[in-house]
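# Structural characterization, general
Spelled out from the first residue to the last, the chains are:
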Amino acid sequence: MSRVSIVIPMFNEARHIGRTLLAAQAAAHQAQLECELIVVDNGSDDHGPRIANELGARVLIVPGVHIGALRNLGAAVASGEWLAFIDADIEMPADWLKLLVEMEGRQGDVLGLDLDTPRQAPWFAQAWQRRSQRPGARPLHRVQWLPSANLLMRRTWFEQVGGFDESLRTGEDKDFSLRLRQAGAQLLLVNESLALHWGYEGSWLEWMSKELWRQGSHWQLLRSHGPSLRLLRFPALSIGAWCLDLLALAALLQGQARLGLTLLLVSTLPALLLSLRQSQRDPRLTLQLWALHGVRLHLTGAALLLNLCQWNVRRPARG
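Residues numbered from 1 in each chain as written. Predicted model: local features only at pLDDT ≥ 70, side-chain atom pairs only at ≥ 80, totals over all residues. Heavy atoms only, no water.

### Topic: the pattern of salt bridges
- Scanning all chains against the criterion turns up 11 salt bridges.
- The partner of D87 in a salt bridge is R71, with the nearest N and O atoms 3.1 Å apart. Placement of D87 in the loop between β4 (82–86) and β5 (90–91) and of R71 in helix α3 (residues 67–77) is noted, with a sequence separation of 16 residues between them.
- Residue D87 is classed as buried on the basis of its relative accessible area of 14%. (Salt bridge = Lys/Arg side-chain N within 4 Å of Asp/Glu carboxyl O. Helix = DSSP H or I, 4+ residues; strand = E, 2+ residues; numbered from the N terminus. Buried < 20%, exposed > 50% of the residue type's maximum accessible area, 1.4 Å probe, protein only.)

If you want it as structure tokens, here you go:
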């Protein structure tokens, strides 16, 4: 029987870790895989480590490091030929491992499931999660990068690229994916089955705080991989939106209301185009994403400015 080592970084996830571990064990049982659960805790002050230990996980306490280091430390003590990485607030479906193990090698090398939110999540959390979902008519999608909320691969791929970049505060999943693709790995997103993200943003302020923190990865990724259209595209759109807003404000202050309003309208077009591309022709979702992308574009500009001032935004508490 093959063995899968499931590495779960954690910080103050007592609300979710029990559900996460039980679902992972059920998936391994259905796939007839031996299961090794490794929880790498970043210094929690709740009962998460105790709950994980009671449910049979090996718990490592490693405070004061970034999330990439937590995942690498878990992989370093893992003994399975398969490595899986899931977040502590992700509930994997029972067919997760069976489905992806059968596809590995024939259709992809590094695999992940699409994510959804529970029904009780607020509209902005649901819409933001839906933006990254692929159409259900095509169950398999070759992608440029996979988020690290859930990943499955053979250990050899992880070792070939040297694991996660431990210096990155955020964006470590995109960096990891880029290096995997450079090494020749095929990345596959599967939506035959969906994982549930329970750590959704419970308030508008929490959503904005998380996006401001996430957008702080742009300069680090550019320094690591050099300039490329893919990495420069969104920061450039953000800078353009800020410039148009400033020009609109100047026009309004000078009494040129028509010009100012026109510039404000033009500044919303990048957000509209992004929402149209991601909304799968759902008018309601298009409007929701239009608003969210507009806010995100401006948060990206703020994050870039903070990075230039050497001010690192702290990660807000998880939902």
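### A short note on the environment of R181
- Along the chain, R181 falls in helix α7 (residues 172–182).
- Taking the C-alpha atoms as reference points, R181 and D109, 72 residues apart in sequence, are found 10.0 Å from one another.
- Apart from the residues within four sequence positions on either side, R181 is in contact with V143, Q144 and L187. (Contact = heavy atoms within 4.5 Å.)

### A few points about the nonpolar core
- The biggest cluster of nonpolar side chains holds 34 residues, and the ones touching the most others in it are V4, I6, W96 and L97.
- Elements with a minimum of two residues in this core: β1 (3–10), α1 (17–30), β2 (34–41), β4, α4 (96–103), β6 (110–116) and β9 (187–197).
- Of all hydrophobic cores here, the second largest spans 24 residues; its members include V7, L60, A78 and F164. (Core = buried A, V, L, I, M, F, W, Y, C linked by side-chain atoms within 4.5 Å.)

### Observations concerning the packing of helix α5 (residues 123–130) against helix α8 (residues 204–214)
- At a closest axis distance of 9 Å, the pairing of α5 and α8 adopts a crossing angle of 35 degrees. Taken together, the residues of α8 that come into contact with α5 (itself represented by W123, F124 and W128) are W204, W207 and E211.
- In the contact of α5 with α8, the residues fall into five nonpolar, no polar and one charged. (Axes fitted to C-alpha atoms, helices over the stretch in contact; angles between N-to-C directions. Nonpolar A, V, L, I, M, F, W, Y, C, P; charged D, E, K, R; others polar.)

### Focus on a nonpolar patch on the surface
- Residues L252, L261 and L264 make up a contiguous nonpolar surface patch of roughly 250 Å² in combined accessible area.
- Considering the arrangement of structural elements, one finds L252 in helix α10 (residues 229–253). (Patch = residues over 30% accessible without salt bridge, like charges linked within 9 Å, V, L, I, M, F, W, Y side chains within 5 Å. Areas by Shrake-Rupley, 256 points an atom, 1.4 Å probe, with all protein chains shown as cover.)

### Details of the pairing of β9
- Judged by how many residues are buried, β9 sits mostly within the fold: eight of 11 residues are covered.
- Alignment of β5 against β9, held across two bridges, turns out to be antiparallel. Residue I90 lies in a different strand from β9, and its bridge partner there is H197.
- With seven bridges joining them, β6 and β9 adopt parallel strand pairing. Across the sheet, D114 pairs through a bridge with L194, a residue of β9.
- Judged from the three bridges that link them, strand β7 (residues 140–142) and β9 form a sheet pairing that is antiparallel. Note on β9: the bridge partner recorded for R142 is L188. (Pairing = 2+ DSSP bridges.)

### Quick look at the environment of G18
- Topologically, G18 is positioned in helix α1.
- As a C-alpha pair, G18 and A88 span 70 residues in sequence and 8.9 Å in three-dimensional space.

### Digging into α7
- In terms of burial, α7 is a largely internal element, eight of the 11 residues being buried.
- Among all positions of α7, only E172, D173, D175, F176, S177, L178, R179 and L180 are buried.
- In the stretch just after α7, G184 is the one whose phi turns positive, near 100 degrees.

### Structural notes on unusual backbone geometry
- Not every positive phi belongs to a glycine, and Q280 is a case in point at roughly 55 degrees.
- One can find Q280 in the loop between α12 (269–278) and α13 (283–308).

### Structural notes on the packing of aromatic side chains
- If you walk through the whole model with that rule in mind, you get 10 aromatic pairs.
- Ring geometry for W128 and W207: centres 5.2 Å apart, planes at 85 degrees, overall edge-to-face. With W128 in helix α5 and W207 in helix α8, this pair connects stretches of sequence that are 79 residues apart.
- In textbook terms, an aromatic cluster arises when at least three aromatic residues are bridged by ring pairs, as seen for W123, F124, W128, W204 and W207.
- Above the face of the W198 ring, R19 is positioned so that its terminal group lies 3.9 Å from the ring centre.
- The ring of W145 carries the charged tip of K174 above its face, separated from the ring centre by 5.0 Å. (Phe/Tyr/Trp six-rings, centres within 6.5 Å; stacked < 30°, edge-to-face > 60°. Lys NZ or Arg CZ within 6 Å of the ring centre and 35° of its normal.)

### Comments concerning the side chain of N150
- Relative to the helices and strands, N150 is located in strand β8 (residues 150–154).
- Residue classification places N150 among the buried residues on the basis of a relative accessible area of 3%.
- One polar contact links the side chain of N150 to the main-chain amide nitrogen of L113, over a distance of 2.7 Å.
- When sequence neighbours within four positions are dropped, the list of residues in contact with N150 reads F85, I86, M92, W96, L111, G112, L113 and L115. (Polar contact = N/O pair within 3.5 Å; in protein donor to acceptor, adjacent residues only side chain to side chain.)

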